[in-house]
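Examining the three-dimensional arrangement
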Amino acid sequence: MSHIHTHMMKTFNFSGYDKEFREATYVILGVPLDDTSTYRPGSRFGPSAIREASQNLESYSLRTKRDVEDLKVFDAGDLIINGTVEENLDRLQLVVGEILAAGKVPISLGGEHTITYGCVRPLKDAAVLSFDAHLDMRDEYLGRRLSHATFMRRIAESIGSERIMEIGIRAICNEEIEFAEKEKAEYITTLEVMKDDRRRLIKRIHDFLSKFNKFYLTIDVDILDPSYAPAVGNPVPEGLSPTILLDLIQSACDHNLIGFDVVEVSPHYDYGVTALQAAHIIFNVLAFTNKNKT
Ligand code: MN
Ligand code: MN
């Protein structure tokens, strides 16, 4: 029995995509987990809000001059949440592992950022590129070693810090800076993104990704300024615009992307705009990668 069959529950589909698993190039899965949220819980409602937003956006990408409606995308529904965070991440790892083993690209809809730990564990030899206002690299936060504020430390311990680059950082503590610098995890602050020479910045991203033959992309929607994306678990002022974010992601997608997630939409804190940002990011990443060249 497949892990998708056992551990997923059907929902309505992302956009109009209606392919079956076997013919799909991309597999969407919702992960409605927000057990470790510390400020504004509710990202368990993220997957359905992002799916709803996706049905009300055009699938044509002006950045690539491509319509992504013909891409082969299967929506596997939502992971069944049951038990501890660790148990849920274990099942998520089985599902994502099955998708990767079938040569397909998993696209996970959060849920809190902790889910990325489950998505990344099946990967071997991949880099992890993260867009986030936070490093999420504390050793422990409010009594938990596994949470939205610590999971990147756990990833660093399991795949090696030198495989991690985090972009758009602007909310950070001493402990995280010390860890990232000592362990050589690369990070680029929001101020560097806004003020440094853009070509130099893109070269830094290319230089990092060129060291690996594939990469996993994680987008915490709090990377965006709260004026663009107010409904997130931990909003931080002075964020990026969607245009700059998509420019950077488009450059990164010159490299071999094998999976990605969009997390931390906590939709009850606005009237739908943050979920629209998340769906728009997903449509664009589909266009940037365009794996089945339809
Ligand atoms: Mn995060
Ligand atoms: Mn964040």
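Further up the page is the structure itself.
Residues numbered from 1 in each chain as written. Chains lettered and ligands numbered in written order. Predicted model: local features only at pLDDT ≥ 70, side-chain atom pairs only at ≥ 80, totals over all residues. Heavy atoms only, no water.

Structural notes on helix H8 (residues 198-209)
Stated formally: To qualify as a helix, a DSSP run of H or I must reach at least 4 residues; to qualify as a strand, a run of E must reach at least 2; elements of each kind are numbered from the N terminus. Helix span, as expected, comes to 1.5 Å for every residue beyond the first. Throughout, exposure labels follow a simple rule: accessible area from a 1.4 Å probe, protein chains only, divided by the maximum for the residue type, with under 20% read as buried, over 50% as exposed, and the rest as partly exposed. It is the directions from the helix axis to the C-beta atoms whose arc is reported.
Helix length check: H8, at 12 residues, gives a terminal C-alpha distance of 17 Å against a target of 16 Å (1.5 Å per residue), a fit within 8%. Within H8, the full set of buried residues consists of Leu201, Ile202, Ile205, Phe208 and Leu209. Take H8 and look down its axis: the buried residues cluster within an arc of 120°, on one side only. Relative to its buried face, H8 has exposed residues pointing more than 90 degrees away, namely Arg199, Arg200 and Lys203.

Looking at a negative patch on the surface
To be explicit about the condition: Exposure above 30% relative accessible area and the lack of any salt bridge qualify a residue for a patch; like charges then connect within 9 Å, and the nonpolar side chains Val, Leu, Ile, Met, Phe, Trp and Tyr within 5 Å. Values of accessible area rely on a 1.4 Å probe in the Shrake-Rupley scheme; residue burial ignores everything except the protein chains shown. By convention in these notes, a salt bridge is any Lys or Arg side-chain nitrogen within 4 Å of a carboxyl oxygen on Asp or Glu. Only four residue types enter the tally: Lys and Arg on the positive side, Asp and Glu on the negative side, with His and both chain ends excluded. Where a charge lies is defined by one atom per residue type, namely NZ (Lys), CZ (Arg), CG (Asp) and CD (Glu).
On the surface, Glu58, Asp67, Glu69 and Asp70 cluster together to form a negatively charged patch. For Glu69, the location among the structural elements is in the loop between strand E4 (66-67) and strand E5 (73-79). For Glu69, a relative accessible area of 51% corresponds to the exposed category.

A few points about the coordination of the manganese ion (ligand 1)
Put simply, the rule reads: Note: metal donors comprise N, O and S atoms at 2.8 Å or less from the metal (3.2 Å for Na, K and Ca); water molecules are not included, so apparent gaps in a site are possible.
His113 (ND1), Asp132 (OD), Asp136 (OD) and Asp220 (OD) make up the full set of protein donors to the manganese ion (ligand 1), lying at 2.1 to 2.2 Å. A separation of 3.2 Å is found between the manganese ion (ligand 1) and the manganese ion (ligand 2), both of which receive a donor from Asp132. Linking Asp132 in the loop between strand E7 (127-131) and helix H5 (151-159) with Asp220 in strand E10 (residues 215-220), this pair joins segments that are 88 residues apart in sequence. Take Asp132: its relative accessible area is 0%, and that puts it in the buried class. Asp220 sits in the buried class, given a relative accessible area of 2%.

Overview of the side chain of Glu176
The line we're drawing: Between two residues, a contact is recorded if the distance between any of their heavy atoms is within 4.5 Å.
By secondary structure assignment, the location of Glu176 is in helix H6 (residues 174-183). Buried charge without a partner: Glu176 forms no salt bridge, and the closest opposite charge is Arg138, 4.7 Å away. Other than its neighbours up to four places away in sequence, Glu176 contacts Leu135, Asp136, Met137, Arg138, Ala149 and Ala171.

Focus: the packing of aromatic side chains
Formally: Think of it this way: a Phe, Tyr or Trp ring, Trp meaning its six-membered ring, pairs with another when their centres are within 6.5 Å, and the plane angle makes it stacked under 30 degrees, edge-to-face over 60, tilted otherwise.
Counted according to the given criterion, the structure contains 4 aromatic pairs. Between Phe14 and Tyr17, the ring centres sit 6.3 Å apart and the planes meet at 5°, which makes this aromatic pair stacked. Residue classification places Tyr17 among the buried residues on the basis of a relative accessible area of 3%. Here the aromatic rings of Phe14 and Phe283 are separated by 5.4 Å at their centres, their planes lie at 50°, and the arrangement is tilted. A residue pair is termed long-range when its members are at least 10 positions apart, and Phe14 in the loop between strand E1 (8-9) and strand E2 (26-31) and Phe283 in helix H10 (residues 273-289) qualify at 269 residues. Side by side, Phe14 and Phe283 carry an identical accessibility label, which is buried. Put simply, the rings of Phe14, Tyr17 and Phe283 pair up and form one aromatic cluster.

A word on the coordination of the manganese ion (ligand 2)
Coordination of the manganese ion (ligand 2) by the protein comes from Asp132 (OD), His134 (ND1), Asp220 (OD), Asp222 (OD) and Asp222 (OD), over a distance range of 2.0 to 2.6 Å. Within one chain, the residues serving as donors to the manganese ion (ligand 2) are arranged as D-x1-H-x85-D-x1-D. What makes His134 buried here is its relative accessible area of 15%.

Some points on the pairing of E2
As a reminder, the rule being used: The pairing criterion for strands is at least two bridges between them, as found by DSSP.
In terms of residue burial, E2 counts as a mostly covered element, since 6 of its 6 residues are buried. Both faces of E2 are covered, namely the face carrying Tyr26, Ile28 and Gly30 and the face carrying Val27, Leu29 and Val31. In this structure, E2 lies alongside strand E6 (residues 105-110), joined through 6 bridges in parallel fashion. Of the residues in E6, the one forming a bridge with Val27 is Pro106.

Some points on unusual backbone geometry
Here the residue pair Gly110 and Gly111 is connected by a cis peptide bond, since its omega of 15° sits within 30 degrees of zero. Unusually for a residue other than glycine, Lys65 sits at a positive phi of about 55°. Of note, Lys65 is situated in the loop between strand E3 (60-61) and E4. A positive phi is found at Lys184, a non-glycine position, where the angle reads about 60°. If you trace the backbone, Lys184 turns up in the loop between H6 and strand E9 (186-189).

Quick notes on the nonpolar core
For clarity, the threshold we go by: Definition used in this section: a nonpolar core is a set of buried Ala, Val, Leu, Ile, Met, Phe, Trp, Tyr and Cys residues joined via side-chain atoms within 4.5 Å.
Core analysis: the largest hydrophobic core is formed by 56 residues, its most contacted members being Phe131, Leu217 and Ile249. Every residue in contact with Ile249, bar those within four places of it in the chain, is listed here: Phe131, Leu217, Ile219, Ile281, Val285 and Phe288.

Focus: the sheet that holds E10
Test applied: To get an axis, fit a line to the C-alpha atoms, keeping to the stretch in contact for a helix; angles then go from 0 to 180 degrees between the N-to-C directions.
Strand order in the open sheet made by the 9 strands is E1-E5-E2-E6-E11-E10-E7-E8-E9, with mixed pairing throughout. Two strands bound the open sheet, and with one partner strand each, they are E1 and E9. Both E7 and E10 contribute to a ladder of 5 bridges, which runs parallel. Across the sheet, Ser130 pairs through a bridge with Thr218, a residue of E10. Its contacts with the sheet put helix H3 (residues 85-101) on E1, E2, E5, E6 and strand E11 (257-263), and the angle it makes with E2 is roughly 170°.

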